[in-house]
Amino acid sequence: KAGVTQTPRYLIKTRGQQVTLSCSPISGHRSVSWYQQTPGQGLQFLFEYFSETQRNKGNFPGRFSGRQFSNSRSEMNVSTLELGDSALYLCASSVGTSGREVQFFGPGTRLTVL
Amino acid sequence: AQSVAQPEDQVNVAEGNPLTVKCTYSVSGNPYLFWYVQYPNRGLQFLLKYITGDNLVKGSYGFEAEFNKSQTSFHLKKPSALVSDSALYFCAVSASGGYNKLIFGAGTRLAVHP
């Protein structure tokens, strides 16, 4: 099976712009979670989607949003970008959403905000 | 609130020697514990997990971890380190209440010297 794919891999934006990141989960996986990784804050949970519904949300401002489509593919959007949004954004997929399943991570999208 | 601590920023070990990467956790209810490894410019790769049952869990690439409920620890171990094991290691716990929200430790950089 193909792994989790994320597009684009690298992105450069300027402050105030918005950005959309895409994630395609492993075939058959219905849960998609998003994480932000920065040197200062480490790995932080953004949100999780299952069957097109947001199941859980981390402690991020409303500028961060996401959605999931009927084929389980997911997108996350960040509006009004700030310098502090520069990070590696990781997407992970799993079969279910019990917390017991392994989450398989994609390679990430490296966002740089100038 | 759930939390994970990795007390060592870096662990240095000689090739062929045993290695231990430490992790302690704080969670209400039964913990679901995971270890992931991250190589440069890559996403996270799953190593092993503890859900229930035997306290010694065996995972990928010869790694194992021991769950200790009384000490709330889940240390990662390998009997004989390889230079190729050099990477960033993350311990994580599923937040209580189900769903796939992972709480990560800050990470430990493992350096294996020839």
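The preceding data block contains the structure.
Everything quoted here is computed from the prediction, not taken from an experiment.

Draft legend 1. Examining the interface of chain B and chain A more closely. Between chain B and chain A, the residue contacts involve 19 residues of the former and 24 residues of the latter. When the buried area of chain B at its contact with chain A is split by residue, B:Tyr99, B:Asn100 and B:Lys101 rank highest and sum to 36% of it. On inspection of chain B and its partner chain A, the count reaches zero salt bridges. For the interface between chain B and chain A, the tally reads 13 residue pairs in polar contact (both at pLDDT 80 or more). Elements with a contribution of two residues or more to the side of chain B that touches chain A: strand S5 (33-38), strand S6 (44-50), strand S10 (87-94) and strand S11 (102-104) of chain B. Residue classes in the side of chain B that touches chain A are distributed as ten nonpolar, six polar and three charged.

Draft legend 2. The arrangement of the state of the cysteines in detail. The full count for this structure, using the stated rule, is two disulfides over all chains. Linked covalently through their sulfurs, A:Cys23 and A:Cys91 form a disulfide whose S-S length is 1.7 Å. Given an S-S torsion of about -50 degrees, the disulfide between A:Cys23 and A:Cys91 has left-handed geometry. Of this pair, A:Cys23 sits in strand S3 (residues 19-24) while A:Cys91 is found in strand S9 (residues 87-94), placing the two residues 68 residues apart along the sequence. Overall, the relative accessible area of 0% leaves A:Cys91 in the buried class. Each sulfur in the disulfide pair B:Cys23 and B:Cys91 lies 2.0 Å from the other.

Draft legend 3. Focus on the layout of surface pockets. Its boundaries defined by the atoms lining it, the largest pocket holds a volume of some 450 Å³. Elements represented by at least two residues in the lining of the largest pocket include exactly strand S4 (31-38) of chain A together with S10 and strand S12 (108-113) of chain B. Here the lining of the largest pocket takes three residues from S10(B), the largest share from any one element. Of the residues in the lining of the largest pocket, the class split is ten nonpolar, eight polar and five charged. For the second largest pocket, the lining is made up of 13 residues, of which A:Gln44, A:Phe45, A:Asn59, B:Lys101 and B:Ile103 are closest to its centre. Of all elements in the fold, only strand S5 (42-50) of chain A together with S11 of chain B reach the threshold of two or more residues within the lining of the second largest pocket. Residues of the lining of the second largest pocket, tallied by class, amount to seven nonpolar, four polar and two charged.

Draft legend 4. Examining the packing of aromatic side chains more closely. Evaluated as defined, the whole model comprises 15 aromatic pairs over all chains. Measuring from centroid to centroid gives 5.3 Å for A:Phe105 and B:Tyr36, while their planes differ by 80 degrees, and the two rings are edge-to-face. Of this pair, A:Phe105 sits in strand S10 (residues 104-105) while B:Tyr36 sits in strand S5, on two different chains. When its relative accessible area of 10% is taken as the criterion, A:Phe105 is described as buried. Here B:Tyr36 falls in the buried class, since its relative accessible area comes to 0%. Plain terms: the ring middles of A:Phe105 and B:Phe104 are 6.3 Å apart, the flat faces sit at 70 degrees to each other, and that makes the pair edge-to-face. In this pair, A:Phe105 is assigned in strand S10 and B:Phe104 in strand S11, connecting two distinct chains. For the pair shown, A:Phe105 and B:Phe104 are each scored as buried. One aromatic cluster is present, formed by A:Tyr35, A:Phe45, A:Phe105, B:Phe34, B:Tyr36, B:Phe46, B:Phe90 and B:Phe104 through successive ring pairs.

Draft legend 5. Representation of the pattern of salt bridges. The full count for this structure, using the stated rule, is seven salt bridges over all chains. Here A:Arg73 and A:Glu75 are joined by a salt bridge, their closest N and O atoms 3.4 Å apart. According to the relative accessible area criterion, A:Arg73 is partly exposed, its value standing at 25%. A salt bridge links B:Lys78 to B:Asp85; the shortest N-O distance between them is 2.8 Å. When its relative accessible area of 4% is taken as the criterion, B:Asp85 is described as buried.

Draft legend 6. Representation of the pairing of strand S8 (residues 74-78) of chain A. Residues and elements named next belong to chain A. With five of its five residues buried, S8 lies for the most part within the structure. Of the two faces of S8, the one holding Ser74, Met76 and Val78 and the one holding Glu75 and Asn77 are both buried throughout. The sheet contact formed by S3 and S8 spans five bridges and is antiparallel. Bridged to Cys23 within S8 is Ser74. Looking at chain direction, strand S7 (residues 64-68) and S8 are connected through five bridges and run antiparallel. Within the sheet, the bridge partner assigned to Phe64 lies in S8 and is Val78. Hairpin connection of S7 to S8: five residues between the antiparallel strands, including Ser72 at a positive phi of 75 degrees.

Scoring rules and cut-offs
- Residues numbered from 1 in each chain as written.
- Chains lettered and ligands numbered in written order.
- Predicted model: local features only at pLDDT ≥ 70, side-chain atom pairs only at ≥ 80, totals over all residues.
- Heavy atoms only, no water.
- Contact = heavy atoms within 4.5 Å.
- Buried area = accessible area lost by both parts, 1.4 Å probe.
- Salt bridge = Lys/Arg side-chain N within 4 Å of Asp/Glu carboxyl O.
- Polar contact = N/O pair within 3.5 Å; in protein donor to acceptor, adjacent residues only side chain to side chain.
- Helix = DSSP H or I, 4+ residues; strand = E, 2+ residues; numbered from the N terminus.
- Nonpolar A, V, L, I, M, F, W, Y, C, P; charged D, E, K, R; others polar.
- Disulfide = S-S within 2.5 Å.
- Buried < 20%, exposed > 50% of the residue type's maximum accessible area, 1.4 Å probe, protein only.
- 1 Å grid on protein atoms, 1.4 Å probe; cavity = no way out; pocket = protein on both sides within 12 Å on 5 of 7 lines; lining within 4 Å.
- Points joined across faces, edges and corners; volume = space filled by probe spheres on them.
- Phe/Tyr/Trp six-rings, centres within 6.5 Å; stacked < 30°, edge-to-face > 60°.
- Pairing = 2+ DSSP bridges.

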